[in-house]
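Listed here are the chains, written in short residue letters.
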Amino acid sequence: ILVLLTCTSLAAAPAPTQAPATQAPARRVLLLYSYEREFAPHLDFAKLFLPELSRTSIEPVDFIEVALQPVRVSRSAPEDSMVRYVQSMLAGHQADLVVPIGGPAAEFAQRNRQQLFPGAPMLLAGVDRRFVQSGTVGPNDTAVAVDHEPARLVDNILKVLPDTKTIFVVVGASHLEQVWLAEMRRSFQRFEGRVTFAWADELSFADMVTRSANLPPHSAILFAILSLDAKGVPQIEERALAELHRAANAPIFGLRTTQLGLGIVGGPLMSME
């Protein structure tokens, strides 16, 4: 009787369909930006990295994006407040991957790793080697670091334009930009006596445009890094570079491949790809 009932039941039932596969849980990837995502180097990196990681991952990916500090703030935010902020964004969950982007984020993550994400693998990305502390890189960490060499940019200018006497360096007033200002001043010391450097960190953007339009003969412009002018006004790099290019009476040299095509002269550019 059992067999007959079973057969009748099967005959009356619609054709079976394959049960849907259980979807794998999403992987949580914590992105720690040194400054807002819109800050030019971060945006360039994120536009390439996020889609590629999603495309190549077997499991779906949920991105948790945290900006540790507004770019318009000239001083670093208190460490404990940043730690609490990251904890609140994780909401008690463990990240499957932590990706600090940029030097300040890399340093923050290395200092607070055990407190915030002790078991998660960490990829230090979009970061200069100066910010990677070799003593704190653990067995579950790795770094894809770059080596900025500001002096090579000046070498390139003098190779292309050997009569250059003045270089106007476009650099902003944010905390990170002041770090690189000091690094450039140190690196450019070997050009003393051959080139005079003028610095934009104490100028408003309007004054930078005016200065670029009235440079003396045998000048060049080095567009290094600009996110905040001296008046505290945030600057969008693509827009700022275009405006400077329209006004400038001297050629503009840049730093990254993403600036090529926006008016800069080519040379030894950092590849964002």
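Data block above holds the structure.
Residues numbered from 1 in each chain as written. Predicted model: local features only at pLDDT ≥ 70, side-chain atom pairs only at ≥ 80, totals over all residues. Heavy atoms only, no water.

## Some remarks on the pattern of salt bridges
Okay, step 1: Scanning the entire structure with this criterion turns up 14 salt bridges.
Okay, step 2: Between Arg27 and Asp96 there is a salt bridge, and its shortest N-O distance comes to 3.5 Å. Note that Arg27 is positioned in strand β1 (residues 27-33) and Asp96 in the loop between α3 (79-90) and β3 (97-101), a separation of 69 residues in sequence.
Okay, step 3: Taking relative accessible area as the criterion, Asp96 reaches 30% and is therefore assigned partly exposed.
Okay, step 4: Glu237 is the salt-bridge partner of Arg256, the closest N and O atoms lying 2.4 Å from each other. (Salt bridge = Lys/Arg side-chain N within 4 Å of Asp/Glu carboxyl O. Helix = DSSP H or I, 4+ residues; strand = E, 2+ residues; numbered from the N terminus. Buried < 20%, exposed > 50% of the residue type's maximum accessible area, 1.4 Å probe, protein only.)

## Things to note about the packing of aromatic side chains
Given two aromatic rings, one states the distance between the centres and the angle between the planes to describe the pair.
Okay, step 1: Considering all chains together, one arrives at six aromatic pairs under this definition.
Okay, step 2: Seen from their ring centres, Phe188 and Phe191 are 6.3 Å apart, and the 70° between their planes marks the pair as edge-to-face.
Okay, step 3: The exposure class assigned to Phe188 is buried, which follows from its relative accessible area of 2%.
Okay, step 4: The class of Phe191 is buried, set by a relative accessible area of 4%.
Okay, step 5: Pairing Phe191 with Phe197 gives two aromatic rings, centres 6.4 Å apart and planes at 65°, and the pair type is edge-to-face.
Okay, step 6: Here a set of aromatic residues connected by ring pairs shows up, and it is made of Phe188, Phe191, Phe197 and Trp199. (Phe/Tyr/Trp six-rings, centres within 6.5 Å; stacked < 30°, edge-to-face > 60°.)

## Comments concerning the sheet that holds strand β8 (residues 219-225)
Okay, step 1: The strand order across the open sheet built from five strands is β7-β6-β8-β9-β10, with neighbouring strands paired in parallel fashion. With one partner strand each, in any of the chains shown, β7 (196-199) and β10 (264-265) form the two edges of the open sheet.
Okay, step 2: Pairing between strand β9 (residues 252-253) and β10: two bridges, direction parallel. Paired with Phe253 across the strands is Val265, a residue of β10. (Pairing = 2+ DSSP bridges.)

## Looking at helix α8 (residues 205-213)
Okay, step 1: Three or more residues of α8 are buried, namely Phe205, Met208, Val209 and Ser212. Seen along its axis, α8 keeps its buried residues to an arc of 100°; they face one direction.
Okay, step 2: Those residues of α8 that are buried are in contact with β6 (166-171), β8 and α9 (237-247). (Arc of directions from axis to C-beta. Contact = heavy atoms within 4.5 Å.)

## Examining the environment of Leu68
Okay, step 1: Inspection of the secondary structure puts Leu68 in the loop between β2 (61-67) and α3.
Okay, step 2: Measuring from C-alpha to C-alpha, the distance between Leu68 and Tyr35 comes to 5.9 Å, with 33 residues separating the pair along the chain.

## Some details on the sheet that holds strand β4 (residues 122-128)
Okay, step 1: Strands sit in the order β2-β1-β3-β4-β5 across an open sheet of five strands; the sheet is parallel. Each end of this open sheet is capped by a strand with a single partner; those strands are β2 and β5 (141-146). Here the average twist between neighbouring strands, direction ignored, is 15°.
Okay, step 2: Looking at chain direction, β1 and β3 are connected through five bridges and run parallel. Note on β3: the bridge partner recorded for Leu31 is Val99.
Okay, step 3: Helix-sheet contacts for α3 involve β1 and β2, and the interaxial angle to β2 is about 160°. (Axes fitted to C-alpha atoms, helices over the stretch in contact; angles between N-to-C directions.)

## Points about the pairing of β7
Okay, step 1: Judged from the four bridges that link them, β6 and β7 form a sheet pairing that is parallel. In the strand pairing of β7, Val169 is matched with Trp199.
Okay, step 2: Regarding topology, helix α7 (residues 175-187) serves as the crossover connection from β6 to the parallel β7, and that connection is right-handed. (Right-handed = clockwise from strand over helix to strand, strands pointing away.)

## Thoughts on unusual backbone geometry
Okay, step 1: Unusually for a residue other than glycine, Ala91 sits at a positive phi of about 50°.
Okay, step 2: Relative to the helices and strands, Ala91 resides in the loop between α3 and β3.
Okay, step 3: Of note, the phi angle at His218 is positive, near 60°, even though the residue is not glycine.

Nothing here speaks to function; it is geometry throughout.
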